[in-house]
Amino acid sequence: HKKEVAESVSIVETPPMVVVGFVGYVETPRGLRALTSVWAGHLSEEVKRRFYKTWHKSKKKAFTKYQKRWEEASKEGKAMTAEIERAKKYCQVIRAICHTQVGKAKLGQKKAHI
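This text gives an overview of the structure that appears in the document.

A closer look at the packing of aromatic side chains
Applying the stated criterion to the full structure yields 5 aromatic pairs. Ring centres of Tyr 52 and Trp 55 lie 5.5 Å apart, and the angle between their planes is 65°; this geometry places the pair in the edge-to-face category. Each member of the pair Tyr 52 and Trp 55 is classed as buried. These aromatic residues form a ring-pair network of at least three members: Trp 39, Phe 51, Phe 63 and Tyr 66. Positioned over the ring face of Trp 55 is Lys 60, at 4.9 Å from the centre of the ring. Positioned above the aromatic ring of Tyr 25 is the side chain of Arg 95, whose terminal nitrogen or guanidinium carbon lies 5.0 Å from the ring centre.

Each value, and the rule that gives it
- Residues numbered from 1 in each chain as written.
- Predicted model: local features only at pLDDT ≥ 70, side-chain atom pairs only at ≥ 80, totals over all residues.
- Heavy atoms only, no water.
- Phe/Tyr/Trp six-rings, centres within 6.5 Å; stacked < 30°, edge-to-face > 60°.
- Buried < 20%, exposed > 50% of the residue type's maximum accessible area, 1.4 Å probe, protein only.
- Lys NZ or Arg CZ within 6 Å of the ring centre and 35° of its normal.

Keep in mind these values describe shape, not function.
Here it is as structure tokens:
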């Protein structure tokens, strides 16, 4: 009836997510117990920032030994297949470890959410 209609709306910008690993759980009488966890061969800087309180002061050594072990396993042609097969054989529950790609969203943050 010749009146303007206005509705309030909230716009939430959410960054895209990516899977960086998984944790396999075994059911015990007292609940779930983590049996194994497998991480990706290369983790982005955004994820590594989550493991440090002060990123600029740190030596940035998180996951360097794991990354070397992953590279050695991939040279042999099997990238952590033993851990993956162990998880397939024994685990009843497998949960993905995901993180947000904060750099793709226009947030003032550099540290990823896991």
